[in-house]
Amino acid sequence: MRYSGKGGASIRIVSAYRPNKSKGPHTVYSQQLNYFNKIGEVWEPRAAFFEDLGKEIETWKAAGDQVLFFANINKDVRDPAIVSFFKKLGMRELLLEHHGKDLPPSTIEGSKPIDGIWATRGIDIQSGGSLSHDKGPSSDHRVLWVKLTYTAAVGSLMPHKSRHPLRRLKLQDPCCVWRYNAKYKAAAKKAGIWLAAIKNELQATYPPSEECIKEYERIERIRQR
């Protein structure tokens, strides 16, 4: 699913299943293996999963999408190879990042977390976790969840700046302009406006934090004195 938001922001939410290497004619692994054999391609289904996934994610990112990817990959999400694969795509597992490596097993009889939620760098979560096995739909897998901010999911628009009325300079008089600029620069330097503005700009975030807004307003009040 793809959702479009404000300011041209878009997020693509994807769910997937990577088959377990199991025997039997009716398993997902066997069905996919048979399909590759029928079309004359030599592919191992579990390897093909990552091959195709990598190409799709690169395509989505090139289109400007943020990606939120839910998957049962039937392998420990903490495995270095898995971490490296998603890192090369500019993604990371959100619950692993939020809670650390001590994640509960995904299935009732399992011992490792094989389900995960991966996201591109522009997506941050407020919270996230997994339900106990007796909560959610009937399944031997835990339900994973994350809570995103509205801005992280669908973007936001920068507010319009309000303009303050200013007295006009006599721009036709070069002496008047020179005196004004000289006095303004001296006053701004004395008040520390330049350094404060540069420091605030370097620490600025989008959307701007409350501290950033307050500092900008303080600088603006000093400038208008």
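### Here we look at helix H2 (residues 45-62)
Taking 1.5 Å of rise per residue, the 18 residues of H2 would be expected to cover 26 Å, and the 26 Å separating its terminal C-alpha atoms lies within 8% of that figure. Listed in full, the buried residues belonging to H2 are Pro45, Arg46, Ala48, Phe49, Phe50, Leu53, Gly54, Ile57 and Trp60. Where H2 is buried, its residues contact strand E2 (10-17), helix H1 (28-38), strand E3 (66-72), helix H3 (80-88) and strand E4 (91-93). One side-chain oxygen at the N-terminal end of H2 lies 3.1 Å from the backbone nitrogen of Arg46; it belongs to Glu44.

### Re the pairing of E3
E3 sits mainly inside the fold: 5 of its 7 residues count as buried. When E2 meets E3, the two strands line up parallel, connected through 7 bridges. Counted as the bridge partner of Ser15 is Phe70 from E3. The sheet contact formed by E3 and strand E5 (residues 115-120) spans 5 bridges and is antiparallel.

### Overview of the packing of aromatic side chains
For the coordinates displayed, the defined rule picks out 7 aromatic pairs. Between Phe86 and Trp118 the ring centres are 4.5 Å apart and the planes differ by 15°, which places this aromatic pair in the stacked class. Of the two residues, Phe86 sits in helix H3 while Trp118 sits in strand E5, which places them 32 residues apart along the sequence. Judged by its relative accessible area of 1%, Phe86 falls in the buried class. What links up through ring pairs into an aromatic cluster is the set Phe49, Phe50, Phe69, Phe85, Phe86 and Trp118.

### Here's the deal with the pairing of E5
In terms of burial, E5 is largely enclosed, as 6 of its 6 residues are buried. The alternating pattern of E5 places Asp115, Ile117 and Ala119 and Gly116, Trp118 and Thr120 on opposite faces, both of which are buried. Of the pairings in the sheet, the one linking E4 to E5 comprises 3 bridges and is antiparallel in character. Looking at the pairing, Met91 lines up with Thr120 of E5.

### Quick word on H3
Residues of H3 that are buried: Ile82, Phe85 and Phe86. Buried positions in H3, seen along its axis, are confined to an arc of 90° and lie on one side of it. What points out from H3, more than 90 degrees from its buried face, is the exposed set Pro80, Lys87 and Lys88. Where the residues of H3 are buried, they touch H2, E3, E4 and E5. Taking the backbone nitrogen of Ala81 as reference, a side-chain oxygen 2.9 Å away marks Asp79 as the first, capping residue of H3.

### Structural notes on the packing of H2 against H3
Where H2 meets H3, the axes come as close as 10 Å, and the angle between the chain directions of the two elements is 25°. Relative to H3, the element H2 lies roughly parallel. As for how H2 packs across H3, the hand of that crossing is right-handed. Every residue of H3 that contacts H2 at Phe50, Leu53, Gly54 and Glu58 is listed here: Ile82, Phe85, Phe86 and Lys88. Counted by class, the contact of H2 with H3 contains 5 nonpolar, 1 polar and 2 charged residues.

### Concerning the sheet that holds E5
Across the sheet, 5 strands lie side by side as E1-E2-E3-E5-E4; this open sheet has mixed pairing. Of all strands in the sheet, those bounded by a partner on one side alone are strand E1 (2-4) and E4. Ignoring which end each strand starts from, the neighbouring axes of this sheet average 15° apart.

### Regarding the nonpolar core
One finds Leu53, Phe69, Phe86, Met91 and Trp118 to be the most contacted residues of the largest nonpolar core, which totals 28 residues. When contributions to this core are tallied by element, the ones reaching two or more residues are E2, H2, E3, H3, helix H4 (94-99) and E5. Top element by residues in this core is H2. It accounts for 5 residues. The residues contacting Leu53, other than those within four sequence positions of it, are Phe69, Phe85 and Phe86. Ranked by size, the runner-up nonpolar core spans 5 residues in total, among them Ala188, Ile193, Ala196 and Ile222.

Procedures and definitions
Residues numbered from 1 in each chain as written. Predicted model: local features only at pLDDT ≥ 70, side-chain atom pairs only at ≥ 80, totals over all residues. Heavy atoms only, no water. Helix = DSSP H or I, 4+ residues; strand = E, 2+ residues; numbered from the N terminus. Expected span 1.5 Å × (residues − 1). Buried < 20%, exposed > 50% of the residue type's maximum accessible area, 1.4 Å probe, protein only. Contact = heavy atoms within 4.5 Å. Polar contact = N/O pair within 3.5 Å; in protein donor to acceptor, adjacent residues only side chain to side chain. Pairing = 2+ DSSP bridges. Phe/Tyr/Trp six-rings, centres within 6.5 Å; stacked < 30°, edge-to-face > 60°. Arc of directions from axis to C-beta. Axes fitted to C-alpha atoms, helices over the stretch in contact; angles between N-to-C directions. Parallel < 35°, antiparallel > 145°, perpendicular 65-115°, else oblique. Left-handed = near helix turned anticlockwise from the far one by under 90°. Nonpolar A, V, L, I, M, F, W, Y, C, P; charged D, E, K, R; others polar. Core = buried A, V, L, I, M, F, W, Y, C linked by side-chain atoms within 4.5 Å.

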